[in-house]
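# Understanding the architecture of this molecule
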Amino acid sequence: MSLSPVSALPNVRVLGRHLPGQEPLTLFYTASGLECRFTGSELWLELAADYELFEPWISVELNGAWISRFPVNRGQSEICLFRGMTPGPAKHVRVLKDVQAMRDDPRHLLQITGLRHEGGAFVPLPAPRLRLEFVGDSITSGEGAIGAVEEQDWIPAFFSAENHYGRMTADALGAEYRIVSQSGWGVCTGWDNDPRHAIPPLYRQICGAADGPRNEALGAGRPYDFSGWPADAVIVNLGTNDANALRNPPWRDPADGSLHPCPGLLELEHRAAEFLETLRACNPGALLVWAYGMLGSSAQDGGVQQALESAVARYCAASGDCRARFLLLPDTAPGTFGARSHPGAASHRRAAETLTAFLQQELAL
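All values reported here derive from a predicted model rather than from experimental measurement.

This part takes up the side chain of Glu176. Its place among the elements puts Glu176 in strand E13 (residues 175–181). One polar contact links Glu176 to Trp229, side chain to side chain, over a distance of 3.2 Å. Setting aside chain neighbours within four positions, we find Glu176 in contact with Arg13, Val14, Leu15, Pro128, Leu130, Arg131, Leu132 and Trp229.

As structure tokens, then:
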């Protein structure tokens, strides 16, 4: 069987933010991976992986059905995507990384070294109807979207790119999507008031959330080429951890002992409006949607929802930009939670239905 690097297969679509032409192909964020249509009877995926604390997991879809999910062992692996199938008809394969970039494990690595194939052809994929980018925290990383409700361990097994509102929305609209997300991070700080854990400063990089010299060498910190994948809509789902920060004591910097109290609602509004400016500069043609609400309503979040709505209005008034919106997503109801007290598949589905209808209206689909 022939082994082809991904860059040698023009009909194979790379998913997620990545360094174009890189071999092997490094997968950083949740839902990064590849998709293709292959006419042969057998197709294999070759991977390279490493980790110290948090192993990478992947999911495989075949003709739209989720058929397998597994952790990837350290070193080189060869994975059967399908075999023994009727040659001739094109089989649509999608491989997705289930876990986010693991900031606290610089050894965390997942790479596609190639596809092994024989007796078939890679045929063109339909062009996506839209390109959607999702920016967020643990909800957008798919934390808790798989696993039993009683699970509370923070481990990669309970992250999923499948039971995910971004994937469901994109599939409903015939879109390609990309994700930028980190569990526990926010607009101003992380859930514990750690100011290092804010998403906006890393947005312009390919994957600023991936730490360590190896990730830097692999291009994680390089500027992302927004023109190479112009988004039709950017959906921001941030604010939940800023709400948590309001309820937590100041964060103490272990380096110098300094205390960092919660920035507060006025600073959140200011930073959110600034982030909208960044999003517009990077995505001049996109609809900007600040979506919020899957983990806590306005009665529980200390005023964060109102601050975010005000930030969108403030940005629009100051810039004259009429293509920025605020969208309240359905709260996760009893019976729809997943692992780690996070939204489960049913909650992600409700959010996707709300977001899909909203995008259909706003983009006149």
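Scanning all chains against the criterion turns up nine aromatic pairs. Here Phe38 and Phe122 contribute two aromatic rings whose centre-to-centre distance is 4.7 Å and whose plane-to-plane angle is 40 degrees, an arrangement assigned as tilted. Here Phe38 is found in strand E4 (residues 33–38), whereas its partner Phe122 is found in strand E11 (residues 122–123), with 84 residues between them in sequence. Taking the centre distance of 5.2 Å and the plane angle of 80 degrees together, the rings of Phe54 and Trp154 count as edge-to-face. Of this pair, Phe54 sits in the loop between strand E5 (43–50) and strand E6 (57–62) while Trp154 sits in the loop between strand E12 (130–136) and helix H1 (165–173), placing them 100 residues apart in sequence. Taken together, the aromatic side chains of Tyr203, Tyr224, Phe226, Phe275 and Trp290 make up a single cluster linked through ring pairs. Between Arg17 and the ring centre of Tyr203, over which it is positioned, the NZ or CZ distance is 4.9 Å.

Time to look at the environment of Ala273. Position of Ala273 among the secondary structure elements: in helix H4 (residues 265–282). Since its relative accessible area comes to 6%, Ala273 is described here as buried. As for Ala273 and Val312, which are separated by 39 residues in sequence, their C-alpha atoms are 6.3 Å apart. Apart from residues no more than four positions distant in its own chain, Ala273 is found in contact with Ala311, Arg314 and Tyr315.

Our focus in this paragraph is the nonpolar core. One finds Val135, Val234 and Trp290 to be the most contacted residues of the largest nonpolar core, which totals 46 residues. Those elements giving two or more residues to this core turn out to be strand E14 (233–237), H4, strand E17 (287–292), helix H5 (304–319) and strand E18 (324–328). No other element matches H4, which puts seven residues into this core. Not counting residues within four places of it along the chain, the set of residues in contact with Val135 comprises Thr140, Val180, Ile199, Tyr203, Val234, Ile235, Val236, Asn237, Leu238 and Phe275. Ranked by size, the runner-up nonpolar core spans 29 residues in total, among them Leu132, Tyr165, Ala291 and Met294.

This paragraph deals with unusual backbone geometry. Of the consecutive residues Glu23 and Pro24, the connecting peptide bond is found in the cis state with omega at -10 degrees. Topologically, Pro24 is positioned in the loop between strand E2 (13–15) and strand E3 (25–26). The residue Asn63 is not glycine, and still its phi comes out positive at about 50 degrees. Here Asn63 is to be found in the loop between E6 and strand E7 (65–71). We classify Asn63 as partly exposed; its relative accessible area is 45%.

In terms of burial, E4 is a largely internal element, five of the six residues being buried. Pairing between E2 and E4: three bridges, direction antiparallel. The residue of E4 that forms the bridge with Val14 is Leu34. Judged from the six bridges that link them, E4 and strand E9 (residues 91–97) form a sheet pairing that is antiparallel. Across the sheet, residue Arg37 finds its bridge partner in E9, namely His92. Note that E4 and E11 share two bridges and pair antiparallel. Looking across to E11, one finds that Phe38 is bridged to Phe122.

The next point concerns H4. Between its first and last C-alpha, H4 extends 26 Å over 18 residues, near the 26 Å set by a 1.5 Å rise per residue. Buried residues along H4 sit against E12, E14, helix H3 (240–246), E17 and H5.

Residue position: Cys322 is located in the loop between H5 and E18. Looking at Cys322, the relative accessible area reads 57%, which means it is exposed. Separated by 34 residues in sequence, Cys322 and Leu288 have C-alpha atoms that sit 9.6 Å apart.

Now for the environment of Leu359. Mapped onto the elements of the fold, Leu359 is located in helix H6 (residues 345–362). Take Leu359: its relative accessible area is 0%, and that puts it in the buried class. Sequence separation of Leu359 and Pro126 is 233 residues, and the distance between their C-alpha atoms is 21 Å. Sequence-distant contacts of Leu359, that is, excluding residues within four places in its chain, are made with Leu132, Thr169, Leu173, Ala233, Ile235, Leu287, Val289, Ala364 and Leu365.

Turning to H1, a few remarks are in order. Most of H1 sits inside the fold, with seven of its nine residues counted as buried. For H1, the full list of buried residues reads Tyr165, Gly166, Arg167, Met168, Thr169, Ala170 and Leu173. Residues of H1 that are buried make contact with E6, E9, E12, E13, E14 and H6. With its phi angle positive at about 65 degrees, Gly174 sits one or two positions after the end of H1.

Rules used in this analysis
Residues numbered from 1 in each chain as written. Predicted model: local features only at pLDDT ≥ 70, side-chain atom pairs only at ≥ 80, totals over all residues. Heavy atoms only, no water. Helix = DSSP H or I, 4+ residues; strand = E, 2+ residues; numbered from the N terminus. Polar contact = N/O pair within 3.5 Å; in protein donor to acceptor, adjacent residues only side chain to side chain. Contact = heavy atoms within 4.5 Å. Phe/Tyr/Trp six-rings, centres within 6.5 Å; stacked < 30°, edge-to-face > 60°. Lys NZ or Arg CZ within 6 Å of the ring centre and 35° of its normal. Buried < 20%, exposed > 50% of the residue type's maximum accessible area, 1.4 Å probe, protein only. Core = buried A, V, L, I, M, F, W, Y, C linked by side-chain atoms within 4.5 Å. Pairing = 2+ DSSP bridges. Expected span 1.5 Å × (residues − 1).

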